[in-house]
Every structure is written in structure tokens, then in C-alpha cells.
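Listed here are the chains, written in short residue letters.
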Amino acid sequence: MKIDKVINEYIKFKQSMGINFKSEANTLMAFCRALGDCDICNITSEDVFNYISGNGTVTTFWHSKYRIIACFYRFAISRNYTTSYPLPRKLPKCPESSTPYIYSLEEVERLLTATAILKNARSPLQADTFKLLLLILYCTGIRISEALSLKLNDIDLPKSIITVKDTKFSKSRFVPVGPRLTNELIVYEKRRRMLPCPKDLESSFLATCNGNKLMYPWVSRIFRRLRKHAQVNREAHARYQPRMHDFRHTFAVYRLISWYKEGADVQRMLPLLATYLGHINLNSTQHYLTMVPELLQEASHQFEKYALKEAENA
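Because the structure is predicted, anything quoted here is derived from the model rather than measured. (Residues numbered from 1 in each chain as written. Predicted model: local features only at pLDDT ≥ 70, side-chain atom pairs only at ≥ 80, totals over all residues. Heavy atoms only, no water.)

1. Concerning the packing of helix 5 (residues 105-114) against helix 9 (residues 216-230)
Between two packed helices, both the angle of their axes relative to each other and the distance between the axes serve to describe the pair. We apply this condition: Every axis corresponds to a line fitted to the C-alpha atoms, with the helix fit spanning only the stretch in contact, and the corresponding angles, defined between N-to-C directions, vary from 0 to 180 degrees. In this text, helices come from DSSP runs of H or I with a minimum length of four residues, and strands from runs of E with a minimum of two, each type numbered from the N-terminal end. Whether a crossing is left-handed or right-handed is set by the direction in which the near helix is turned from the far one by less than a right angle, anticlockwise for left-handed and clockwise for right-handed. In this analysis, two residues are considered to be in contact whenever any of their non-hydrogen atoms come within 4.5 Å of each other. When residue character is reported, Ala, Val, Leu, Ile, Met, Phe, Trp, Tyr, Cys and Pro are called nonpolar, Asp, Glu, Lys and Arg charged, and the others, Gly included, polar.
Contact pair helix 5 / helix 9: the axes reach a minimum separation of 9 Å and the direction vectors enclose 115 degrees. Here the hand of the crossing between helix 5 and helix 9 comes out right-handed. Contacts between helix 5 and helix 9 involve Arg110, Leu111 and Ala114 from the former and Phe223, Leu226, Arg227, His229 and Ala230 from the latter. Considering only residue class, the contact of helix 5 with helix 9 consists of 5 nonpolar, 1 polar and 2 charged.

2. Structural notes on the environment of serine 172
For the record, the criterion: Type-normalised accessible area, obtained with a 1.4 Å probe on protein chains alone, sets the label of each residue: buried when under 20%, exposed when over 50%, and partly exposed for intermediate values.
Position of serine 172 relative to the elements: it lies in the loop between strand 2 (161-164) and strand 3 (173-176). We classify serine 172 as partly exposed; its relative accessible area is 48%.

3. Some words on helix 11 (residues 266-277)
As a reminder, the rule being used: In a helix, the anticipated span is given by 1.5 Å times the number of residues less one. Directions from the helix axis toward the C-beta atoms define the arc.
The first and last C-alpha atoms of helix 11 sit 16 Å apart over 12 residues, in line with the 16 Å expected at 1.5 Å per residue. Within the span of helix 11, buried status applies to Val266, Met269, Leu270, Leu273, Ala274, Tyr276 and Leu277. Projected down its long axis, helix 11 carries its buried residues within an arc of 160 degrees, all on one side. Opposite its buried face, helix 11 presents the exposed residues Arg268 and Thr275, each directed more than 90 degrees away. Two residues or fewer after helix 11 comes glycine 278, characterised by a positive phi angle close to 85 degrees.

4. Re the side chain of glutamate 107
In plain terms, the rule: Residues scored as positive are Lys and Arg, those scored as negative are Asp and Glu, and His as well as the terminal groups of each chain are ignored. Here a salt bridge means any side-chain nitrogen of Lys or Arg lying within 4 Å of a carboxyl oxygen belonging to Asp or Glu. Pairs of N or O atoms are called polar contacts if they sit within 3.5 Å, as long as, within protein, a hydrogen donor faces a hydrogen acceptor (for residues adjacent in sequence, only side-chain-to-side-chain pairs).
Within the secondary structure, glutamate 107 is located in helix 5. The charged side chain of glutamate 107 is buried without a salt bridge, its nearest counter-charge being arginine 110 at 4.7 Å. A polar contact is formed between the side chain of glutamate 107 and the backbone nitrogen of serine 104, at a distance of 3.0 Å. Every residue in contact with glutamate 107, bar those within four places of it in the chain, is listed here: Tyr101, Ile102 and Val232.

5. Let's talk about the confidence of the model for the protein chain
If pLDDT is low for a region, its predicted coordinates should not be looked at in detail. In plain terms, the rule: Values of pLDDT, ranging from 0 to 100, describe the predictor's confidence in every residue of the model.
In this model, the protein chain carries a mean pLDDT of 84, and residues with pLDDT of at least 70 account for 84%. Per-element averaging of pLDDT across the protein chain places helix 13 (residues 293-313) at the bottom with 50 and helix 5 at the top with 96. Across residues 306-311, where pLDDT falls below 50, the model places 0 contacts with residues more than four positions away in sequence or in other chains.

6. Digging into the environment of valine 187
Within the element layout of this structure, valine 187 appears in helix 8 (residues 179-194). For the pair valine 187 and aspartate 128, spaced 59 residues apart in sequence, the C-alpha separation works out to 9.6 Å.

7. Concerning the pattern of salt bridges
Summed over the entire model, instances satisfying the criterion amount to 9 salt bridges. Between glutamate 189 and arginine 193 there is a salt bridge, with the nearest N and O atoms lying 3.3 Å from each other. Taken together, the positions of glutamate 189 and arginine 193, both in helix 8 and 4 residues apart, correspond to about one turn of that helix. With relative accessibility at 17%, the residue glutamate 189 sits in the buried group. Residue class for arginine 193 comes out partly exposed when judged on its relative accessible area of 35%. Residue glutamate 262 is joined to arginine 255 by a salt bridge in which the shortest nitrogen-to-oxygen separation is 3.7 Å. Arginine 255 sits in the partly exposed class, given a relative accessible area of 27%.

Put into C-alpha cells, the structure is as follows:
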């Protein structure tokens, strides 16, 4: 059976179970294009290894492609489309993932101020658009992909609620926002409506001068420019520099610090944080809870109060 037919059947099977499967499908289709018009039974270990390895160094994507193709082959074998399992037996060591960068309030202010360098007569909304994007990421903790996908009808200004639709796990959720961000959203929407941008409710909220959706590669390049201008960097020898995704980590950490300071039952509140962030379980949320000194201090302080109370009752 041709590899493209098996891959298409596998993608439809996954999607029939309600799984988004978008990125996995893209990986498998790229695998199909790399192999060309061939039968699944004729694919060799060398073919699979060459696709997974590509031309660059081993990254976490190497292991991601390996897992996706391994799952595909288990499906193909279970359907008797092939009997071979041509996956590499020895796997290279997965490189360490980047440590999340937790932005300080002062660094966030510098980044927001830096958006002034984006002012452009040909694109009068560019600086405001990027400033609002950073505020949305910092104040709500939503994913960058979710922020770029927001439409006009996703922003309920009277109720101060953002609706995040069709997220990573194919679910939608409501994200309440505070007064400052609400005011920024109101100001931006008024400016946006004054420009010749599409104004139908399904058009992009954060838009280019032509009303088009912001594309991540362009946004990423602009952010690197702002970060350098604002001098927000890791140490010189660091492999990874701060990313936009780190605003999500920053939001989660500061939310925990606030709960500790308020004396809240953090363990009871964690499921609420997971729901707010759009996670399906607490394991995903724990990935974002980087232990910064301030968080450690607050956690230590709460444990100290707990220990003293227990000692008094002993």
C-alpha cells in the first residue's frame, strides 16, 4: 500500500477521535513528501533515519519526529499494512530544553517602552499592536498562537473577557482580564477601527495595516529586535535567549507568588490555574512553575508558618 494512503488514513483516524493532530499531520505529510511515491513495505531504516535527522544538529524536534513516526508505524502494523518497523534502534541524547526566563516587572516595562521604535508612518498601528500583544501575553498567560488568532468577536470589552477558541487541546475557554488591560484593549480597538482594516467580527483583532493576521515568524523577528533594544538578555554564554513564550511562564510564577502572599491554599488553587492556562492536567501546569528566588522565599515562608503551627499543636 502506498505510504501517502496509509498516512492519510492514520490522520483521519486520529482526527475522528477529536484529536487536533495538526502539527503531527504536518510532520507526517513532510515525511511522505520526503519519501515520494513508494510503498510502505519498501521503506528502509535509512530512509526514516535520513528524514528524522535532516541536515542540522540533533534538537528536541528530532525526538518529536521520532515519536510521531513510531506511533504511525504501530498503527500501520496493527492494520497489517506492513510488518516492518524501520525506526532507528539507537537514539541520540535529547538536548536539554531551555530554562524558562522569568521577566521582572522592570524588564517588562522596558520591553513595552521599546515598542516606540516600531512607529512607522506607513504602518501607524504597528507599535500599538506589538505593545498590546506583549501586554496580553504578560497579563493573561495565553499562548502566543492563541493571541495571534484572536478575532474581533473574541474580545468582550463590557465584560472584560477574552474568548480563546480552538486551543492546543481543541477546547475553548474564557479568560477574564483586569482593568488596565481592558482599557488598553478599548483604546486599541478604537484606533484599529479608524484605519482601513477589515471590521467584520471574524477579522483579526491584532492586525497589520492591511488588516491581515500577524504571522509568528515576523512577530518573532520583531520581538528579538525589541529585546535587544531593551537589553533584556540572559548571560553572554547562554544558548537560549528570552522568548515570547516565557511570558506564559512568568504569568504562572507571579500568580503563584500572589497566592502565597495572600495566604491562599496554593494546592487547592492549582487546578484553577491549570484551567485558566488551558491545560488538561496539572502535569502540564507544573512545567510552567519555575522556582525563582521570590517563589522559593514565599513557599518557604508558608511552610515555616505551617511548621510553627504544627509545633504549637504538638
